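# Structural characterization, general
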Amino acid sequence: EVAVGDAPSVVHDSVFVAAIQHLASPEQRATWLPAAQEYAVLGCYAQTELGHGSDVSRLETTATFIPSTSQVELHTPRLESTKWWVGGLGRTATHAIVWARLRVPAPPAGPSGRGLVDVGPMPFLVRIRDAATHEPVPGVTVGDIGPKLGFAAIDNGYLRLSRFRVPR
């Protein structure tokens, strides 16, 4: 059982739950907020990337919308786009708020009439570990990177996504 104030729950309570409260749609809040507040899911906030820290304008993780399936494909294309120093990710989190650059199909009337348009950084709520086994789900690589100076009680981790699909 995780108690409020325990180190693994600090990021969950202060960032993951807050992200759902402030960034999710009313329908998403109705689904995810009770599960998060009751610790049925444990979350983290995956924004920082190895190659450029927390500079959101330089995010390399992509989220490509696929109209035929209404899914978004999340992908970390390079080592530098690995989500890094994510608190609660190393051993604890089952879900993550992942920041990625949303790419959507270009409108037919666009300059090229095809391809993708980058509409900027967006958050995505993603299951990263299996509920029964706590192993990473297919398409997700996750691990513990050890203690961070000043935050040794929080399990800091890394996250890579390999063409990982999430429903719209």
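Scroll up for the structure.
Here the structure is a predicted model, which means the values were calculated and not measured.

Definitions and cut-offs
- Residues numbered from 1 in each chain as written.
- Predicted model: local features only at pLDDT ≥ 70, side-chain atom pairs only at ≥ 80, totals over all residues.
- Heavy atoms only, no water.
- Phe/Tyr/Trp six-rings, centres within 6.5 Å; stacked < 30°, edge-to-face > 60°.
- Helix = DSSP H or I, 4+ residues; strand = E, 2+ residues; numbered from the N terminus.
- Buried < 20%, exposed > 50% of the residue type's maximum accessible area, 1.4 Å probe, protein only.
- Salt bridge = Lys/Arg side-chain N within 4 Å of Asp/Glu carboxyl O.

## Focus: the packing of aromatic side chains
- Applying the stated criterion to the full structure yields three aromatic pairs.
- On the basis of an interplanar angle of 70° and a centroid distance of 6.5 Å, the ring pair of Trp84 and Trp85 is categorised as edge-to-face.
- These aromatic residues form a ring-pair network of at least three members: Trp84, Trp85 and Tyr158.

## Examining the environment of Ile154
- Tracing the backbone shows Ile154 in the loop between strand E7 (140-144) and strand E8 (156-161).
- Judged by its relative accessible area of 14%, Ile154 falls in the buried class.

## Comments concerning the environment of Pro123
- Secondary-structure assignment places Pro123 in strand E6 (residues 116-127).
- Along the primary structure Pro123 and Ala63 are separated by 60 residues, whereas in three dimensions their C-alpha atoms are 9.5 Å apart.

## Here's the deal with the pattern of salt bridges
- For the structure shown, the criterion picks out seven salt bridges.
- Between Glu60 and Arg78 there is a salt bridge; the shortest N-O distance is 2.7 Å. Residue Glu60 is located in the loop between strand E1 (43-46) and strand E2 (62-66), and its partner Arg78 is located in the loop between strand E3 (71-75) and strand E4 (83-87); the two are separated by 18 residues in the primary sequence.
- Given a relative accessible area of 41%, Arg78 falls into the partly exposed group.
- Two residues, Arg101 and Asp118, come together in a salt bridge whose shortest N-O distance is 2.7 Å. Highlighted residues: Arg101 in strand E5 (residues 95-105) and Asp118 in strand E6, separated in sequence by 17 residues.
- Assessed through its relative accessible area of 18%, Arg101 is described here as buried.

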